[in-house]
Amino acid sequence: MTSDHVFAALASPARRRLLRLLLDEGAQPAGRLAVRFDMSRPSVSEHLKVLKDAGLVAETRMGRERHYRLEAAPLMEIREWLTPYERFWRERLSALGTLLDEMDDLDPDRDGFEDPNERNGEQPHD
């Protein structure tokens, strides 16, 4: 599967929730997953099919039941794609932290909160 298929599968909150359930609770039958959602069982099955087609879950038949388990390997490709953006935001947040520290150093008495009454020249009420 391509990363486009994985991104498309992850676009749905219901599918992300299914993946989280499989991560947190392990493999389980479709019926047990379906009762956790406020939608029909066929709708949950359709979401599971999309996840399966994207390679994010694997299906095993056990009698009449289909059991699903998480397959996290496709998420590694997504992680690799996201890494430069993570670095970008980490650097930006670090620069913001440095700027805020410098601002604190310039005015150590300032707590960062301004009394709106003082701005208008009014005295605070006790």
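The structure contained in this document is the topic of the report that follows. Fair warning: this is a prediction, and the values are worked out from it, not measured in the lab.

Parameters and conventions
Residues numbered from 1 in each chain as written. Predicted model: local features only at pLDDT ≥ 70, side-chain atom pairs only at ≥ 80, totals over all residues. Heavy atoms only, no water. Salt bridge = Lys/Arg side-chain N within 4 Å of Asp/Glu carboxyl O. Helix = DSSP H or I, 4+ residues; strand = E, 2+ residues; numbered from the N terminus. Pairing = 2+ DSSP bridges. Patch = residues over 30% accessible without salt bridge, like charges linked within 9 Å, V, L, I, M, F, W, Y side chains within 5 Å. Areas by Shrake-Rupley, 256 points an atom, 1.4 Å probe, with all protein chains shown as cover. Lys, Arg positive; Asp, Glu negative; His and termini not counted. Charge placed at Lys NZ, Arg CZ, Asp CG, Glu CD. Buried < 20%, exposed > 50% of the residue type's maximum accessible area, 1.4 Å probe, protein only. Arc of directions from axis to C-beta. Contact = heavy atoms within 4.5 Å. Polar contact = N/O pair within 3.5 Å; in protein donor to acceptor, adjacent residues only side chain to side chain. Axes fitted to C-alpha atoms, helices over the stretch in contact; angles between N-to-C directions.

## Focus: the pattern of salt bridges
- Considering all chains together, one arrives at seven salt bridges under this definition.
- Here R90 makes a salt bridge to E86, at a shortest N to O gap of 2.8 Å. With R90 and E86 both in helix α5 (residues 73–106) and four residues apart, this pair spans about one turn of that helix.
- Through salt bridges with shared partners, a single network forms among K52, E59 and R66.

## So, the pairing of strand β3 (residues 65–70)
- Relative to β3, strand β1 (residues 28–29) is paired through two bridges, and the arrangement is antiparallel. Paired with Q28 across the two strands is Y68, which belongs to β3.
- Here strand β2 (residues 57–62) pairs with β3 via six bridges, running antiparallel. Bridging from a neighbouring strand, T60 pairs with H67 of β3.

## Details of a negative patch on the surface
- Taken together, the side chains of D101, E102, D104, D105 and D107 define an acidic patch exposed on the protein surface.
- As for its position among the elements, D107 is in the loop between α5 and α6 (116–119).
- By relative accessible area, D107 is classed as partly exposed at 35%.

## Notes on helix α1 (residues 3–10)
- Of the positions making up α1, those classed as buried are V6, A9 and L10. Across the axial projection of α1, the buried residues extend over an arc of 95°, all falling on one side.
- Buried positions along α1 lie against α2 (13–25), α4 (41–53) and α5.

## Topic: the side chain of R15
- Mapped onto the secondary structure, R15 falls in helix α2.
- Separated by 3.0 Å, the side chains of R15 and H47 make a polar contact.
- In contact with R15, other than residues within four places in its own chain, are A8, A9, H47, V50 and L51.

## Structural notes on the sheet that holds β1
- Pairing is antiparallel across the open sheet formed by three strands, whose spatial order is β1-β3-β2. Sheet topology places β1 and β2 at the edges, where each strand pairs with a single neighbour.
- The strands touched by α2 are β1, β2 and β3; relative to β3, the strand with the most contacts, the crossing angle is about 85°.

## Structural notes on a nonpolar patch on the surface
- A surface patch of nonpolar side chains, about 630 Å² in accessible area, is lined by F7, W81, L82, Y85, F88 and W89.
- At five residues, the largest contribution of residues to the nonpolar patch is made by α5.
- Residue placement: F88 occurs in helix α5.

## A look at the environment of A73
- Along the chain, A73 falls in helix α5.
- What makes A73 exposed here is its relative accessible area of 58%.
- Along the sequence, A73 and G55 sit 18 residues apart, while their C-alpha atoms lie 8.1 Å from each other.

Coordinates in, geometry out; function isn't part of it.
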